[in-house]
Structures are given as C-alpha cells and as structure tokens.
Amino acid sequence: MERNKERSWAEPYKIKMVEPVRMISREEREEAIKEAGYNTFLLKSRDVYIDLLTDSGTSAMSDRQWAGMMMGDEAYAGSKNFYHLEETIQKYYGYDYVVPTHQGRGAEHIISQLLIDEGDFIPGNMYFTTTKLHQELAGGTFVDVIIDEAHDPENEHPFKADVDLIKLENLIKEKGAERIPYVSIATSVNMAGGQPISLSNLKKVRELTNKYEIPIIHDMTRVAENAYFIKQREEGYEDTPVKDIVREICSLTDGATMSAKKDALVNIGGFLALNDEELFRKAQNMVVIYEGLHTYGGMAGRDMEALSIGITESVDEDHIRARVGQVQYLGEKLIDMGVPVVRPIGSHGVFLNAKKILPHLSQDELPAQTLAAELYVDAGIRSMERGVVSAGRDPETGEHNYPELELVRLTIPRRVYTQAHMDVVAESVEAVYYQREDITGLEFDYEPEYLRFFQSRFKKR
Ligand SMILES: *Cc1c(COP(=O)(O)O)cnc(C)c1O
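Note that the structure is predicted; figures quoted are calculated from it, not measured. (Residues numbered from 1 in each chain as written. Predicted model: local features only at pLDDT ≥ 70, side-chain atom pairs only at ≥ 80, totals over all residues. Heavy atoms only, no water.)

Peer 1: Help me understand the site of the ligand in this model?
Peer 2: The local shell around the ligand holds 14 residues, among which Gln103, Arg105, Asp219, Ser259 and Lys262 are the closest. Within the backbone of Gly104, a nitrogen or oxygen atom sits 2.9 Å from an oxygen atom of the ligand. Here the ligand loses 94% of its free accessible area of 370 Å² to cover by the protein chains. Those elements that provide at least two residues to the shell around the ligand are helix 4 (104–115) and helix 5 (129–137). At three residues, helix 4 tops the list of elements feeding residues into the shell around the ligand. Its residues assigned to classes, the shell around the ligand shows one nonpolar, seven polar and six charged. (Near = heavy atom within 4 Å. Polar contact = N/O pair within 3.5 Å; in protein donor to acceptor, adjacent residues only side chain to side chain. Areas by Shrake-Rupley, 256 points an atom, 1.4 Å probe, with all protein chains shown as cover. Helix = DSSP H or I, 4+ residues; strand = E, 2+ residues; numbered from the N terminus. Nonpolar A, V, L, I, M, F, W, Y, C, P; charged D, E, K, R; others polar.)

This is the structure we're talking about:
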C-alpha cells in the first residue's frame with residue numbers, strides 16, 4: 001500500500017569533523033554589540049553563536065576538497081592546479097580563457113579598468129556593492145535596468161532578476177551604444193534577495209546586445225543557485241540537469257567575474273573568465289600587477305585545487321537541492337510565523353523586510369542596521385544590513401542613497417548548519433518580531449569613505 005504522508009528529508013552528507021560553538025550570556029552580547037559600534041561586521045566571531053553574516057568563504061569543504069588541498073603544487077609559475085582549474089572552468093562554464101584572482105573583486109577591478117572609460121554607463125540587473133564601486137572607480141556610472149518587481153519585496157514574480165528590456169534599450173538609445181562598454185548581468189541577484197534571472201529573459205538580452213554589439217559580462221558568483229531555480233520554475237527545464245543549465249547561461253554571455261567563495265564552495269578564490277583572446281591577453285597582463293602571476297592570481301596551488309573540485313560539487317543535483325532547500329525551509333518557517341520577508345525566498349539567504357518590521361523608524365534611523373543588532377542580542381545570531389548603510393552616498397551630491405529596500409540578510413553558509421540551527425534562528429527572529437515596537441534606531445558615529453557598511457560604527461539615537 002502507498003503511504004500518503006510526506007517523508008522527512010535530511011542533509012545529503014554526514015559530519016566528519018566538528019567545530020564547537022557557544023552562546024555567551026545576554027549581558028555579554030549587549031556589551032559585545034555596543035563595543036562593535038552596533039555593526040555586525042565588527043563583532044568577534046567567537047562571540048557569535050550562529051553566524052549568518054554571509055555565505056562568502058564560509059562553506060564547509062568536502063573530504064574530496066581537503067584531499068585536493070594536499071595535492072597543492074606550490075610552484076610559482078605553471079602550477080598543475082591552475083591547469084586543472086582552467087580545464088574545470090572550460091568544462092562546466094564553457095568560457096575559453098581564465099585569469100585567476102584572489103576573490104571576486106579582483107576580477108571586477110581588472111574587467112572594469114580594461115573596459116570602462118570616463119563617462120561610460122554600465123547597465124545591470126541591480127547593483128552589487130563591490131561591482132558598482134569598481135565601475136565608478138574606472139570612471140563609469142552604474143544604471144539599474146532590473147524589472148520594477150525586483151524592488152517590491154512582496155511581489156511573487158518567479159524571476160525578479162530579469163532585465164527590463166525597455167529600460168535597457170532606452171538607455172542604449174539615450175547614451176549611444178559606444179558609451180556602454182558592457183551590460184553587467186548577475187545570476188541569483190544578491191541585492192534583490194537572491195532572486196534568479198530566467199533563460200528566456202537572458203536570451204532576449206543577448207539578442208538586444210547583439211543588435212548593438214555590446215558584450216555581456218556575467219557576475220556568476222551564484223550561477224548554480226540561479227540554475228536550480230530555472231529547473232524549478234522555467235517551462236521546458238524541469239528535466240534538464242543543473243549543470244547543463246549553468247552551461248547554457250554562461251554560453252549567452254561573453255565573459256564572467258566569479259567570487260568562488262560562494263557557489264564554488266571554497267574559503268577563498270575567484271577568477272575572470274573571457275572568450276575574447278585579445279581582452280584576455282590584456283587581463284592576463286594586468287593581473288600580475290594587482291593579484292599575482294597569471295597562473296595563480298593570489299591563490300595558493302592548493303586553493304586552486306579545492307576550487308576545481310568545488311566547482312564540480314556545486315552543480316551536483318543533491319547538493320544544490322539541499323543547499324537551496326535549506327534556505328527555503330528557514331524562509332517558509334518565518335512566513336508561517338507571520339514575519340515580513342522578501343518573497344519569493346531567495347537562493348542563499350532569507351531577507352527580513354526591516355521597513356515593515358520597524359515601520360516606526362525612518363530610513364535615517366537605519367532600520368535594517370538596528371534590526372541586525374537586535375537579532376544578535378536576542379540569541380547570538382549574526383546577520384547583515386542591506387539597506388541605506390550598504391547603499392552608501394551619491395558620489396556627486398554626497399547625500400545618502402535611499403534604496404527602496406531596507407533588508408536584513410540571514411545568509412546561510414553552505415553545508416555548515418543543520419535544520420536544527422534553522423529552527424533556532426526562526427525562533428529568535430520571531431522573538432525579536434514580537435518586541436519590535438520597543439526597538440529604537442541608530443545613527444552614524446563613524447563613517448569610512450568606501451564600502452561603509454563594513455567598517456561604520458553607530459550609536460543609539
Ligand atoms: C561576493 C560578491 C562579489 C565580490 O566577490 P568577493 O569575493 O567578495 O570579492 C561580487 N558579486 C557578487 C554578486 C557577490 O555576491
């Protein structure tokens with residue numbers, strides 16, 4: 001007889017090594033967050049119980065990756081691990097040429113300096129902090145051409161990272177194709193809440209950019225997660241392996257920057273991948289100035305080996321289902337508890353809608369920054385602000401940028417926590433949610449010039 005009941009699910013791995021964590025007392029947490037200037041980036045890791053600051057470089061590596069670390073060829077030039085990495089990138093992502101970098105922003109720096117001239121415009125499906133800054137430092141201006149739905153945290157559009165083709169074409173017509181060095185397309189858009197772009201939309205972006213002879217540079221940091229959503233949601237891809245979807249996405253673009261610290265399951269690493277040989281030669285020359293020789297680019301041989309293996313594991317069906325599935329589990333739990341979150345739940349984290357949770361705070365009272373600090377005090381859970389603090393200031397006017405979204409990101413590291421940790425997190429968010437009316441805002445105490453969210457300090461208003 002068929003059993004009708006839905007069966008339980010478990011992580012597709014077993015634990016071979018453990019790292020103890022501890023929760024310090026509430027008084028100690030209050031002291032710690034005050035000392036950190038109410039900025040979760042400035043907390044000490046040892047004072048954190050469950051660390052959901054970021055999914056960047058926080059993955060647990062597999063036994064195979066650790067075995068790969070022992071096969072590091074630490075030759076200064078021509079390490080065998082570089083050639084393995086190059087082969088792996090060609091096989092899984094399909095790009096022809098590879099320039100290794102120490103992490104994603106190293107690749108962003110090189111591509112921005114090579115392609116952007118003073119006064120250029122770079123359209124993209126929502127900004128990312130380091131990407132946009134490198135575009136600006138090269139003399140360019142980022143222009144957001146994502147669909148409007150992406151700015152509405154409650155809109156259930158299945159592909160909120162899609163490009164608004166009318167916005168894009170209008171920009172090209174207004175500025176002229178010669179002022180647009182490339183279109184910047186991110187998969188699984190971080191700042192929109194980990195939302196995917198559809199293949200049908202990407203194909204249309206490709207057609208349009210072909211018409212104007214504008215290249216597409218792909219921020220492929222979370223391409224496998226995006227591919228998993230395509231498999232779940234896009235007609236015609238239900239039975240396509242995630243690794244084939246990843247290849248197809250990459251095939252529609254001309255090059256990519258990668259922070260391997262996310263999807264690719266390593267603690268450090270990145271690369272720039274290109275199809276144009278001449279551009280590759282220039283990038284290869286530039287990498288020696290800023291990162292290291294073109295066969296290591298800031299990574300050790302062992303890092304490159306772990307990365308090659310990580311890329312292979314990142315497109316494994318069991319892995320990606322469990323990875324995104326764990327995030328969905330936490331998100332759905334919070335939705336059931338009535339907590340306002342960005343919908344649909346993203347691929348790498350759950351984004352709390354701080355504007356809605358703390359409606360009594362104006363954006364100048366930094367609602368998302370405040371909520372992140374409160375969550376830490378409640379149960380030692382570390383999250384991150386994605387709101388006015390992250391958005392920085394307008395370089396022209398010096399005023400704060402006021403983004404529509406004021407979010408707190410609970411980012412889930414890959415293969416690190418269990419479902420039981422997710423339950424603890426959900427209960428803490430619920431507890432803070434029920435005390436929300438008593439929460440007062442923050443103001444800046446110290447503000448650095450670049451990427452201020454990392455190092456700013458705040459005080460209670
Ligand atoms: C993390 C990230 C980057 C920057 O990469 P780093 O490895 O942190 O330098 C770029 N784009 C996106 C979407 C990212 O998430």
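Alright, that's what it looks like, and here's the rest.
Peer 1: Teacher, can you tell me more about the nonpolar core here?
Peer 2: Soluble, globular proteins show a tendency: their nonpolar side chains are buried together. One finds Tyr93, Met220, Val246, Phe271, Leu307 and Ile311 to be the most contacted residues of the largest nonpolar core, which totals 69 residues. No other element matches helix 8 (residues 223–233), which puts six residues into this core. When residues of this core are assigned to domains, at least three fall in each of domain 1 (26–48 + 317–460) and domain 2 (63–314). Not counting residues up to four positions away in its chain, the partners in contact with Met220 are Tyr93, Tyr95, Thr187, Cys250, Ala256, Thr257, Met258 and Phe271. Judged by nonpolar contacts, the second largest core, of 32 residues, contains Met337, Leu358, Tyr417 and Met422. (Core = buried A, V, L, I, M, F, W, Y, C linked by side-chain atoms within 4.5 Å. Buried < 20%, exposed > 50% of the residue type's maximum accessible area, 1.4 Å probe, protein only. Domains from an automatic or database assignment. Contact = heavy atoms within 4.5 Å.)

Peer 1: Would you take a moment to explain the UniProt feature "modified residue: N6-(pyridoxal phosphate)lysine" (unreviewed entry) in the chain for this structure?
Peer 2: Summarizing the sequence annotation, UniProt attributes the feature "modified residue: N6-(pyridoxal phosphate)lysine" (unreviewed entry) to Lys262 in the numbering used throughout. Examined against the element boundaries, Lys262 turns out to sit in the loop between strand 7 (255–259) and strand 8 (270–274). Judged by relative accessible area, which is 9%, Lys262 ranks as buried. Apart from the residues within four sequence positions on either side, Lys262 is in contact with Asp55, Ser56, Ser59, Thr221, Arg222 and Arg414. (UniProt positions renumbered as here; feature names shortened; annotations may be inferred.)

Peer 1: Help me out: how do you make sense of the pattern of salt bridges in this one?
Peer 2: Close approach of charged atoms allows side chains of opposite charge to pair. A complete count under the given rule lists 33 salt bridges for this structure. The salt bridge involving Lys175 is made with Glu174; its shortest N-O contact spans 3.2 Å. With a closest N to O distance of 3.8 Å, Glu365 and Arg461 form a salt bridge. Pair noted here: Glu365 is in the loop between helix 13 (354–357) and helix 14 (367–379) and Arg461 is in the segment after strand 14 (457–460), with a separation of 96 residues, a long-range link. (Salt bridge = Lys/Arg side-chain N within 4 Å of Asp/Glu carboxyl O.)

Peer 1: Honestly, the pairing of strand 6 (residues 216–219) in this entry has me stumped. Any pointers?
Peer 2: Each regular strand shows side chains that alternate between the opposite faces of the sheet. Neither face of strand 6 is open: one carries Ile216 and His218, the other Ile217 and Asp219, and all of them are buried. Two strands pair when backbone bridges link them, and strand 5 (residues 183–186) and strand 6 are joined in this way by four bridges, in the parallel orientation. Looking across to strand 6, one finds that Ile185 is bridged to His218. In this fold, strand 5 hands off to helix 7 (residues 199–212), which returns the chain to strand 6; that crossover is right-handed. Strand direction decides the pairing type here: strand 6 and strand 7, joined by three bridges, are parallel. If you follow His218 over to strand 7, its bridge partner there is Ala256. (Pairing = 2+ DSSP bridges. Right-handed = clockwise from strand over helix to strand, strands pointing away.)

Peer 1: Can you help me understand the domain arrangement of the chain in this one?
Peer 2: Reports often express the size of an interface as the amount of accessible area lost when the parts come together. As assigned here, the chain comprises domain 1 (26–48 + 317–460) and domain 2 (63–314). Relative placement of domain 1 and domain 2: their C-alpha centres are 26 Å apart. Note on domain 1 versus domain 2: buried area summed over both sides is about 2,800 Å², and carbon and sulfur give 55% of it. Viewed at the interface, domain 2 and domain 1 are joined by six salt bridges. For the salt bridge of Arg415 with Glu313, the shortest nitrogen-to-oxygen distance reads 3.0 Å. Where domain 1 packs against domain 2, one counts 17 residue pairs in polar contact (both at pLDDT 80 or more). Contributions of two or more residues to the side of domain 1 that touches domain 2 are made by helix 12 (317–336), strand 9 (349–353), helix 15 (388–391) and strand 12 (407–411). (Buried area = accessible area lost by both parts, 1.4 Å probe.)

Peer 1: Sorry if this is basic, but what is going on with the environment of Asn125 here?
Peer 2: On the secondary structure map, Asn125 appears in the loop between strand 3 (121–124) and helix 5. Given the relative accessible area of 1%, Asn125 is considered buried. Here the alpha-carbon distance between Asn125 and Tyr13, two residues 112 residues apart in the chain, equals 35 Å. Each residue touching Asn125, except ones within four places of it in the same chain, is listed here: Asp144, Ile146, Ala161, Val163, Ser184, Ile185, Ala186, Val189 and Ile197. Of the polar contacts made by the side chain of Asn125, one reaches the backbone oxygen of Ala161; its length is 3.1 Å.

Peer 1: Mind showing me how you'd approach the packing of helix 8 against helix 12 here?
Peer 2: Each pair of packed helices gets described by two things: the angle between the helix axes and the distance between those axes. Interaxial distance between helix 8 and helix 12 falls to 10 Å at its minimum, and their mutual angle equals 85°. Between helix 8 and helix 12, the interaxial angle falls into the category roughly perpendicular. Residues Ala224, Glu225, Tyr228, Phe229 and Lys231 of helix 8 touch helix 12, and the partners they reach there are Glu317, Ile320, Arg321, Arg323, Val324 and Gln328. A breakdown of the residues in the contact of helix 8 with helix 12 according to their chemical character gives five nonpolar, one polar and five charged. (Axes fitted to C-alpha atoms, helices over the stretch in contact; angles between N-to-C directions. Parallel < 35°, antiparallel > 145°, perpendicular 65-115°, else oblique.)

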